[in-house]
Structure formats: structure tokens, C-alpha cells
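Residue-level structural notes
Spelled out from the first residue to the last, the chains are:
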Amino acid sequence: MSVFANLPKPAVAPKKPVSDTRHGITRTDDYAWMRAENWQAMFKDPTLLDAELRRHLEAENAYMEAAMADTKALQKQLFAEMKGRIKEDDSSIPMKDGPFAYGTAFVTGGEQPRYFRIPRDADHKDESQRHLLLDGDKEATGKDYFRLAGIDHTPDHAFGLWGYDDKGSEYFTLRIRDLSTGEDLPDVIENTGGGGAWSPDGKSFFYTLQDENHRPSKVFHHVVGQPQSEDRLVYEEKDPGYFMGVGGSLLDDFIYLDIHDHETSEYRILSTTDLAAEPMLVAERVEGIEYSLTEGGDVFYILTNDGDAKDFKIVEAPVAAPGKENWKEVVAHVPGRLILNHMAFARHLIWLQRRNGLPEIMIRDRVSGEEHSIAFAEEAYALGLQGAAEYDTDVIRFSYSSMTTPTQLFDYNMATRERVLLKTQEVPSGHNPDDYVTRRVLAPSHDGVDVPVTLLYRKDTPLDGSAPCLLYGYGAYGISIAAGFNTNCLSLADRGFVYAIAHIRGGKDKGFQWYEDGKLEKKENTFKDFIAAADHLVKQGFTSYDRIIAEGGSAGGMLMGAIANMAPEKFAGIIAAVPFVDVLNTMLDDTLPLTPPEWGEWGNPIESLEEYNWIAAYSPYDNVGQEPYPPILALSGLTDPRVTYWEPTKWIARLREKAPDAGPYLLKTNMAAGHGGKSGRFQRLEEIAFEYAFAVKVAGKM
């Protein structure tokens, strides 16, 4: 008997056929009407949503609530467990910068962070030393959604630039705060990307403006005290296929304009000695060539894949002449050793690399060239490189964790190689690492390639195929899913689940080639790798097909839609969070925020019949058929600018039309949030508890 018995009738979406012809191929979309014509305005003011659309989304939410009604107690229990593993009044170890050290803290019951500073050498545990700069809970009062973009202080520590989004649409408003009084200046900068870069004198800053299609296409210079309308346009990116960001250097000597898509980059730099100058081009963009800068005093250190350095190398160039003709190799390219990012300080160059699927921090003495590494011995683990807020330092900060080991924060002296443990993540409700096992197994894919899969389960979990499994995957944009500590998934492990992460192609888990082999015409490798991971876990006795719940979000949600079409019989349930499932229609609509920048990832079906056919072959929405689909839960955010609400809404409608006797298909639309879901730390736990309750229910473990 189905665990979803006795459901009411689901919402039925009316059909309003719209035909579209490209490359001589005509497609009809019965649910195209769900794309609001006024989506740009609605993202800024959700009350503008069309009444028919609102009724349909609310009907879907009502059906979802009915289907999940019997999990209410389980959701509360899961939430209590997850919340119990969080130290509610937790605080960071402040980072030293000049006369102060800056940190964040939460209060018991608080949803939002509080930003504070203390005198540089004060005891961070002495709360009387803390000077509160920004209280996120106070700023969020009365708002259904509120997300802070942090606070960035001026070089003289007098003012702070902070930003917030109160719609979930990722249009951030910037304010300037007097850090001594806590009062905001009259300046209000709207529709920004969420941050900025201060000038050395603290009298002005640079920021990106989001255009009407939600693209950061312009950089402006704002002088404190003047209206936004008078801000000077510094640079405009005319190509809608590129993102743009702005940042500053640790030495406050340059403003960086970072222009990039997913495979090509270009930097323009502005010397802070002449803020009115035109930004200087470092190296013009060349398709497929990436580079990024970090300051090094009289040189720039540049991380790049130029010259067939597929897994990247580091070069240096004079500050006065940073063009490619002056690039000199410092750290050579080594195939299979992917350099992820780099930082430079007065006496050391450091970089984070991944080799054999594991991260490693490398440190190089800038004078002698001597190198050493920071690495760990566990089978699978995660490293985070925070670096430092000051250039003239020998001490950097990094974090370490594994699926069983709570996060540890270290200060590391690059000269003496002394490692100081600053903090170990507390789990108030208790956690014994010895109760759990973390493993890394290799799943052979369809073409013989081995796909790494990280596992977490309790030691007493039977490995005879009887255990349920939550199998997570992403596989896009070169993003690798770290095998770090996650207190939430312990709730599944404690219920007998095997928690698994499939490190599939499309990420960079095994180097840059791993990414290239999961994009464009090779995209289907991503889906086949995930199915291969499921097959291997079954073959090895970790689980069975009727016990696997697949999960992925955003581009990972596309993965969920694809594997649902390709192998529905191999999954007991599917959780697709903000799923990018209407791939072909979205890539054909160049007015949408991410479409032109995404063509390098998926292909451009507007210009190319071949690329049209690539996408059409796997686009989940376009390939829904009369399949034995398992129960599917799709989650959406009304003001999501990345994966628009209509994608999962259309997908669920088509699933229900094409395979009405399978499923059921549940759609949960957050009417007051965007891509990341709810903004508060405990509100987010409620959403995870809901998703896990679906998994537990489908697995028959309630």
C-alpha cells in the first residue's frame, strides 16, 4: 500500500498551448502561461503576481500540505534534533584587522547574525569587550524574508557598508553605518549585487548595479553623501553573457573589476591613487581562458589555465605592466592537481588545491621558494581556507572537518608551521564520532570511469540492502561537494539511513577534465554517473532501489528531473529543490537573468541546432513521459531569480498530466522567499526537516 494513500485530488493546471518554432522544429508548451509577463516587477513586489497564478500555487501548496499532513510530528521531531545540534549562542573567533578584531555572533533564539568588533588583543570570550556593529535580528523585524550581505568596514574603521535583501529576489539595498554611533547615514543605494569596495579614504565606494533583467552589468562609484542618481558609471559590460563583480585588495591599492562567465574571465583594475581614471585592462578575454588576481606588493599573482594549464597554474606579473606578455610562471601546472584559489601575503603565497579528490593547502615562501603543505589523513574530508584580513602577516586561518568530525578552526603560522586549534564545533545535544562511519567508494559509470561516492552511516547500520539511502548530487558549474561535517544528516543516519554524496562529472572533484566531461554535449554523463552511483550502492549491499531517495537542488534539481525520466524504477522518491528543469525554454529566452551567461555551460539553442538538440535530448520538462515515476517533491521560491518559480510549477503540471497514476507529485512554493529558501538559520532548518520528513515517509521509516 502506498504511503500516500487517500489523498485529495491534486491541482489541475489548465492548458493554454503556445507554439514556438526554432531551427524548423515546432514545440508546443501547454503551460507556458505560468511564466508571469511582469516577472521583473513581481520579483521586486510579489503582490503583483497574477491572481490566477497565485490561486494555482496556493492550490498546489494545499495539496502538498494534505499529502504531508501525517509527517507534522516527525517534522517537529527532526527540527528539534537539528536545532539541538546547534549552539544557539555561538560566535566566531574574531579576525584581526588593524586596531580591532571583527566577528559574528548569534543569540539564543536568534535567526540572524550579529556583527561585532573587539579591541585587537582583547579576550573574544569577554562579551563586555564587544561593540555591536549590526544586529541582524533587529533589522529583520517585521519582514517575512531578510538576508544580510554582511558588513565591510572602511580602512580607517569609521564606517561600515552593509546590505540586505528583503524579498528573496537578490536585489540588495546598501546602507552606510557610522560604526561608533550605530546610526545609518542617509545614503540608500538600491538594486545592487550586495556588496562593494571602499576607497582608501573611506569617502566613497564602488558597487555593481543589477539591471532590469537581474544582471550585474554596471559598476558605479558612489561618493558618501550624494544621491544614487549622481553616482558615476565606471564601467558597463555590454555582453549579457558575462557576470561582473567588484572588490578591493588587502593593500587598498587597487579596485578589481571581475568580469566572467563560467569558462572565460577578464579583469580590469583601478588604482586607488586615481579613482576617476578609466579601469585598466589586465588581459583581454579569450574564450575558455580563466584568470584571477591577488595582490603581492609590486607584483600580481595570477591563477590561470592559460597555455593548456587545464588544472591551473600561478604566474606573476609586475603591477605596472600586468599584461599577459609579462606573465612569469611561479607554480607550474601539474595534470590532476587542480588549483582552486590562491592568496598572497607579505612573505608567503598560498593556494588551495585538490588532488585525488582530496583538498590540500600549499604554502610557498616568496623569497626562498620553499613549499610545504597542510593535509589530513582521513579517507574523505573538507578544508576551508579563510586566509587573513591583513597583508603583513604570517598567520592564516583555515577549517577542517569530515562527515564524522565536527569543524575545527585553526590559526596557522606559515613561518614556524605552528598550528593552533582555536575552536571545535560544539554539538550541544551530543555527538560521538565513533558511532559513525565515513567511507569513500568508487562507482563504475557507463563508460568505465570511476565516480567517487562519500558515505556516512552508523556503525550498527546493516549493510545487507535493507537500509534506506539518501543519495545527493549536484554536478554542474565545476562545483565540488565537500565531504564536510553536516549535523543535519545525522538525523537520517540515526534512523538507519546511509547518507551518500555522488561526486559526479560536471563538478571538479577529480580535476578540470571532470567538469568538462559533464557539460555541453557531454552533459548526460552527469546523469549516468548518478544512476551508476545508485547501482553501485545497491550492488555493494548499502541499500536497495526501492529504498533510495535522490536529492538535488538548482542544477542538481535538473539532475533529479533527468534521472526521473531515465531510470524512475531505481528510486523510491525524489527531492528536487528549486529545480532547473525547463532547460530548453529557459535557454531559448535571453531576457531571463542567467540565460546568456549559462550558454557556456549548457549550449546556445538559439544560435545552434546542434546545441538545441543536446538540450532537447535531456531537458526534464521536455522529456516527461508515461513512466512509473516515484513520489516527487519539488520546492520553489516565488521570487527566485536563478530558477524561476514557473519551472518546477510547469514540471509538476506536466508530470501529473503525462503519468497521473504514478507519483504523487508535490510542489511546495515558498511565497516569501527566493533561491535559497527561508533566510533565518532556524527557518532553514524547518525546510530541511520538511524535506527529510518526505524522505523518511517514502522510505517507510515513520
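See the structure shown above.
Secondary structure summary: the chain contains 13 helices and 38 strands in total. Relative to a compact globule of 702 residues, whose C-alpha radius of gyration would be 27 Å, the chain shows 25 Å and is just as compact. Projected onto the principal axes, the alpha-carbon positions of the chain cover approximately 70 × 55 × 50 Å. Counting only residues that meet the buried cut, the chain has 59% of its 702 residues in that class. By sequence separation, contacts in the chain at least 24 residues apart represent 56% of the contacts at least 6 residues apart. When the accessible surface of the chain is summed, it comes to about 27,000 Å², and 48% of that surface belongs to carbon and sulfur atoms. If you average the places of the 73 positive and of the 108 negative side-chain charges in the chain, the two averages end up 4 Å apart.

A few words now on the packing of aromatic side chains. Going through the model one piece at a time under the given rule, you end up with 30 aromatic pairs. With a centroid separation of 6.3 Å and an interplanar angle of 75°, the aromatic rings of Y256 and Y267 are classed as edge-to-face. Taken as a pair, Y256 in strand β16 (residues 254–260) and Y267 in strand β17 (residues 265–271) lie far apart in primary sequence, eleven residues in all. Here Y256 matches Y267 in class, with each residue buried. Each residue in the set F254, Y256, Y267, Y291, F300 and W327 is aromatic and connected to the rest through ring pairs, giving one cluster. In this structure, K83 is placed above the aromatic ring of F682, and the distance from its NZ or CZ to the ring centre is 4.8 Å.

A few words now on the pattern of salt bridges. All chains considered together, the criterion is met by 44 salt bridges. When the shortest N-O distance is used, the salt bridge between R177 and E139 registers 3.0 Å. Remark: E139 occurs in helix α4 (residues 136–140) and R177 occurs in strand β9 (residues 172–178); sequence separation between them is 38 residues. For R177, a relative accessible area of 7% puts it in the buried group. Members of the salt-bridge network, linked through shared partners, are E81, R85, R458, D460, D494 and R495.

Glancing now at the sheet that holds β16. With antiparallel pairing, the four strands of this open sheet are ordered in space as β15-β16-β17-β18. Pairing within the sheet leaves two strands with one partner each, and these edge strands are β15 (243–248) and β18 (280–281). Looking at chain direction, β16 and β17 are connected through seven bridges and run antiparallel. What sits directly across from H260, in β17, is S265.

Moving on, we come to the packing of helix α3 (residues 72–84) against helix α13 (residues 681–698). Closest axis-to-axis distance for the α3/α13 pair is 8 Å, and the angle between their directions is 130°. Of the possible angle classes, the one that applies to α3 and α13 is oblique. Classified by chirality, the crossing of α13 by α3 is right-handed. Each of L74, Q75, L78, F79, M82 and K83 in α3 lies in contact with α13, whose residues at this interface are F682, L685, E686, I688, A689, F690, Y692, A693 and V696.

A few words on unusual backbone geometry. The omega angle of the peptide bond from G663 to P664 is 10°, so this bond is cis rather than trans. By secondary structure assignment, the location of P664 is in the loop between α12 (646–658) and β38 (665–670). Positive phi is not limited to glycine here, since N191 has a value of about 60°. Take N191: it is sitting in strand β10 (residues 184–192).

The strand order across the open sheet built from four strands is β27-β28-β29-β30, with neighbouring strands paired in antiparallel fashion. A single partner strand is all that each edge strand has here, and the edge strands are β27 (382–387) and β30 (419–424). Along the sheet, successive strands turn relative to each other by an average axial angle of 25°, direction set aside.

You can see S217 is positioned in strand β13 (residues 216–223). For S217, a relative accessible area of 12% gives the class buried. Those residues in contact with S217, other than ones at most four positions away along the chain, are L209, D211, Y235, E236, E237 and M244.

The first and last C-alpha atoms of α3 sit 18 Å apart over 13 residues, in line with the 18 Å expected at 1.5 Å per residue. Every buried residue of α3 is listed here: L74, Q75, L78, F79 and M82. Down the axis of α3, the buried set is contained in an arc of 135°. They therefore lie on one face. With respect to the buried face of α3, the exposed residues turned more than 90 degrees away are A73 and K76. Structurally, α3 contributes buried residues whose contacts are with α5 (490–493) and α13.

Counting 120 residues, the largest nonpolar core has L471, Y499, F530, W602 and W651 as its most contacted members. Per element, the largest residue contribution to this core is eleven residues, and it comes from α13. Counting residues in hydrophobic clusters, the runner-up holds 18 residues, among them F345, I374, I396 and F398.

Time to look at the pairing of β16. Buried residues dominate β16, accounting for five of its seven residues. Linking two consecutive strands that pair antiparallel, namely β15 and β16, is a turn of five residues; a positive phi of about 55° is found at D252 within it. Taking the residues between adjacent antiparallel strands as the criterion, β16 and β17 are bridged by four residues.

Moving on to the pairing of strand β4 (residues 100–105). Judged from the three bridges that link them, strand β3 (residues 95–97) and β4 form a sheet pairing that is antiparallel. Residue pairing in the sheet places K96 in a bridge with A101 of β4. The turn linking β3 back onto β4 is made up of two residues, and G98 within it adopts a positive phi angle of 65°. Pairing of β4 with strand β5 (residues 114–119) involves six bridges; the strand directions are antiparallel. Across the sheet, A105 pairs through a bridge with R114, a residue of β5.

Parameters and conventions
- Residues numbered from 1 in each chain as written.
- Predicted model: local features only at pLDDT ≥ 70, side-chain atom pairs only at ≥ 80, totals over all residues.
- Heavy atoms only, no water.
- Helix = DSSP H or I, 4+ residues; strand = E, 2+ residues; numbered from the N terminus.
- Rg over C-alpha atoms; globule rule 2.2 N^0.38 Å.
- Buried < 20%, exposed > 50% of the residue type's maximum accessible area, 1.4 Å probe, protein only.
- Contact = heavy atoms within 4.5 Å.
- Areas by Shrake-Rupley, 256 points an atom, 1.4 Å probe, with all protein chains shown as cover.
- Lys, Arg positive; Asp, Glu negative; His and termini not counted.
- Charge placed at Lys NZ, Arg CZ, Asp CG, Glu CD.
- Phe/Tyr/Trp six-rings, centres within 6.5 Å; stacked < 30°, edge-to-face > 60°.
- Lys NZ or Arg CZ within 6 Å of the ring centre and 35° of its normal.
- Salt bridge = Lys/Arg side-chain N within 4 Å of Asp/Glu carboxyl O.
- Pairing = 2+ DSSP bridges.
- Axes fitted to C-alpha atoms, helices over the stretch in contact; angles between N-to-C directions.
- Parallel < 35°, antiparallel > 145°, perpendicular 65-115°, else oblique.
- Left-handed = near helix turned anticlockwise from the far one by under 90°.
- Expected span 1.5 Å × (residues − 1).
- Arc of directions from axis to C-beta.
- Core = buried A, V, L, I, M, F, W, Y, C linked by side-chain atoms within 4.5 Å.

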